[in-house]
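# Summary of structural features
Spelled out from the first residue to the last, the chains are:
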Amino acid sequence: AQKITQTQPGMFVQEKEAVTLDCTYDTSDQSYGLFWYKQPSSGEMIFLIYQGSYDEQNATEGRYSLNFQKARKSANLVISASQLGDSAMYFCAMREGPSNYQLIWGAGTKLIIKP
Amino acid sequence: DGGITQSPKYLFRKEGQNVTLSCEQNLNHDAMYWYRQDPGQGLRLIYYSQIVNDFQKGDIAEGYSVSREKKESFPLTVTSAQKNPTAFYLCASSTFLAGKNIQYFGAGTRLSVL
């Protein structure tokens, strides 16, 4: 079974609109971490935001926020006021356990912002 | 500036040749990683190292080798045993600051077979 599922292979969004990228995960660990990364066409992976399983508040970083619904095992990325520069691949990843070095990666969502 | 430097940006390999991809970090991170990414796909872990002189195989280690003689450096060798090496290779490093273990990445190396 997939541990990280990103159900949207691609999305088109109008500039300045908000966008939600879906990520569901599957783990039996109580302690885990969830990550979102952005990969522009240049290829570099850029860290966006982190949510720990014990964090009570949803994580926010500037225009990025993580809608963490623990019971649903959902960790959706919300980008407010989208910009043309947000066009990229977005990957969700999970660290299972408190000290695991490996991350489990989703297949990614390609986001295209239309002017 | 602190960061991760991968070189070269583009690399071409002839049949039967070993090639080495360089990864250097000046973030003082303990852990380093190598990933492979095929077109339109996610990341697959090749090798990772938690500490100098120690490393572990990831999901697709066959045909690859690594060394970790210095904290700052984690080179990846793509051997002739790797029959389909054409891919984008990403190096990352991390530290367990505040328990997060956020991985930071280099700009990548694109490897093609001649």
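The structure this text deals with has already been given above.
What you see as residue numbers is a count from 1 along each chain, following the sequence as written. Working convention: letters from A go to chains and numbers from 1 go to ligands, in the order in which they are written. Residues qualify for local features only when their pLDDT is at least 70, as the model is predicted, and side-chain atom pairs are given and counted only at 80 or more; totals for whole chains, interfaces and linings, by contrast, use all residues. Water and hydrogen atoms play no part in the side-chain values, which are based on all heavy atoms of the structure.

## Focus on the overall build of chain B
Helix and strand counts for chain B stand at zero helices and 11 strands. For chain B, the N- to C-terminal ordering of α and β elements is β-β-β-β-β-β-β-β-β-β-β. In terms of overall dimensions, chain B has C-alpha extents of about 45 × 25 × 25 Å along its principal axes. Among the 114 residues that make up chain B, the fraction classed as buried is 48%. Across chain B, the fraction of contacts at a sequence separation of at least 24, relative to all contacts at a separation of at least 6, is 52%. Summed over all atoms, the accessible surface of chain B reaches about 5600 Å², with 48% contributed by carbon and sulfur. Charged-residue counts in this description rest on Lys and Arg as positive and Asp and Glu as negative, His and the chain ends being excluded. Every charge is mapped onto a representative atom, which is NZ of Lys, CZ of Arg, CG of Asp or CD of Glu. Across chain B, the mean location of the 12 positive side-chain charges is 5 Å away from that of the 10 negative side-chain charges. Secondary structure elements are defined from DSSP: runs of H or I of at least 4 residues count as helices, runs of E of at least 2 residues count as strands, and each element is numbered from the N terminus. Buried means the residue's accessible area, taken with a 1.4 Å probe over protein chains only, is under 20% of the maximum for its type, while exposed means over 50%, and partly exposed covers the values in between. Any pair of residues with heavy atoms lying within 4.5 Å of one another is described as a contacting pair. Here the Shrake-Rupley method, with its probe set to 1.4 Å, supplies the accessible areas, and only the displayed protein chains count as covering residues.

## Here's the deal with the environment of B:T109
All names here are of chain B. Examined against the element boundaries, T109 turns out to sit in strand β11 (residues 109-113). Once you skip the residues sitting within four places of it in the chain, T109 turns out to touch Q6, S7, P8, K9, L11, L21, A87, F88 and Y89. Throughout this description, a polar contact denotes any pair of N or O atoms lying within 3.5 Å of each other; where both atoms belong to protein, one of them has to be capable of donating a hydrogen while the other can accept it, and for residues adjacent in sequence the pair is counted only when both atoms sit in side chains. A distance of 2.6 Å separates a polar atom in the side chain of T109 from the backbone oxygen of P8.

## Focus: the pattern of salt bridges
Residue and element names in this part refer to chain B. Basic side-chain nitrogens of Lys or Arg form a salt bridge, by our definition, when they fall within 4 Å of a carboxyl oxygen of Asp or Glu. Following the criterion strictly, the structure yields six salt bridges over all chains and no others. Measuring nitrogen to oxygen at the nearest pair gives 3.4 Å for the salt bridge that ties K71 to D30. In this pair, K71 sits in the loop between β7 (64-66) and β8 (76-78) while D30 sits in the loop between β3 (19-25) and β4 (31-37), placing the two residues 41 residues apart along the sequence. Given the relative accessible area of 37%, D30 is considered partly exposed.

## A few points about the sheet that holds strand β1 (residues 4-7) of chain B
All names here are of chain B. Within the open sheet, the four strands sit side by side as β1-β3-β8-β7. Their pairing is antiparallel. Edge strands, defined here as strands with exactly one partner in the open sheet, are β1 and β7. Between one strand and the next, the sheet's axes are offset by a mean angle of 20 degrees, whatever the strand orientation. Taken together, the three bridges between β7 and β8 define a ladder with antiparallel strand orientation. What sits directly across from V66, in β8, is L76. Any two strands between which DSSP finds at least two bridges are classified as paired. To get an axis, fit a line to the C-alpha atoms, keeping to the stretch in contact for a helix; angles then go from 0 to 180 degrees between the N-to-C directions.

## Side note on the state of the cysteines
Residues and elements named next belong to chain A. Cysteine sulfur atoms are paired as a disulfide whenever they fall within 2.5 Å. Scanning the entire structure with this criterion turns up two disulfides over all chains. Here C23 connects covalently by a disulfide to C92, the sulfurs 2.0 Å from one another. Judged by the torsion about the S-S bond (-65 degrees), the C23/C92 disulfide is left-handed. Here the residue C23 occupies a position in the loop between β3 (19-21) and β4 (24-25), and C92 occupies one in strand β10 (residues 88-96), the gap between them amounting to 69 residues. The two residues C23 and C92 agree in class, both being buried.

## Describing the interface of chain A and chain B
At the junction of the two partners, chain A supplies 21 residues and chain B supplies 23 residues. Carbon and sulfur atoms make up 59% of the area that chain A and chain B hide from each other, which totals about 1800 Å². Accessible-area loss on putting two parts together, using a 1.4 Å probe and summing over both, is the definition of buried area adopted here. Ranking the residues of chain A by area buried against chain B places A:Y101, A:Q102 and A:W105 at the top, with a combined share of 36%. At the junction of chain A with chain B, the criterion picks out zero salt bridges. Listing elements by their share of the side of chain A that touches chain B, those giving two or more residues are β5 (32-39), β6 (46-52) and β10 of chain A. Broken down by element, the residue count for the side of chain A that touches chain B peaks at three residues, all from β5(A).

## Examining the packing of aromatic side chains
Any two rings among Phe, Tyr and Trp, with Trp reduced to its six-membered ring, count as a pair given centres within 6.5 Å; such a pair is stacked if its planes are under 30 degrees apart, edge-to-face if over 60, and tilted if neither. Applying the stated rule across the entire model yields 15 aromatic pairs over all chains. Measuring from ring centre to ring centre gives 5.5 Å for A:Y37 and B:F105, while their planes differ by 85 degrees; the resulting arrangement is edge-to-face. Highlighted residues: A:Y37 in strand β5 and B:F105 in strand β10 (residues 102-105), drawn from two different chains. With relative accessibility at 0%, the residue A:Y37 sits in the buried group. Relative to B:F105, the ring of B:Y35 lies with its centre 5.7 Å away and its plane at 35 degrees, an arrangement referred to as tilted. Of the two residues, B:Y35 sits in strand β4 while B:F105 sits in strand β10, which places them 70 residues apart along the sequence. The class of B:Y35 is buried, set by a relative accessible area of 1%. Its relative accessible area of 5% is what places B:F105 among the buried residues. Connected via pairs of aromatic rings, a cluster forms that spans A:Y37, A:F47, A:F91, A:W105, B:Y33, B:Y35, B:Y48, B:Y104 and B:F105. In this structure, A:R63 is placed above the aromatic ring of A:Y64, and the distance from its NZ or CZ to the ring centre is 5.8 Å. B:R110 extends its terminal NZ or CZ atom over the ring of B:F88, reaching a point 4.2 Å from the ring centre. We count a charge as sitting over a ring when the NZ of a lysine or the CZ of an arginine lies within 6 Å of the ring centre and within 35 degrees of the ring normal.

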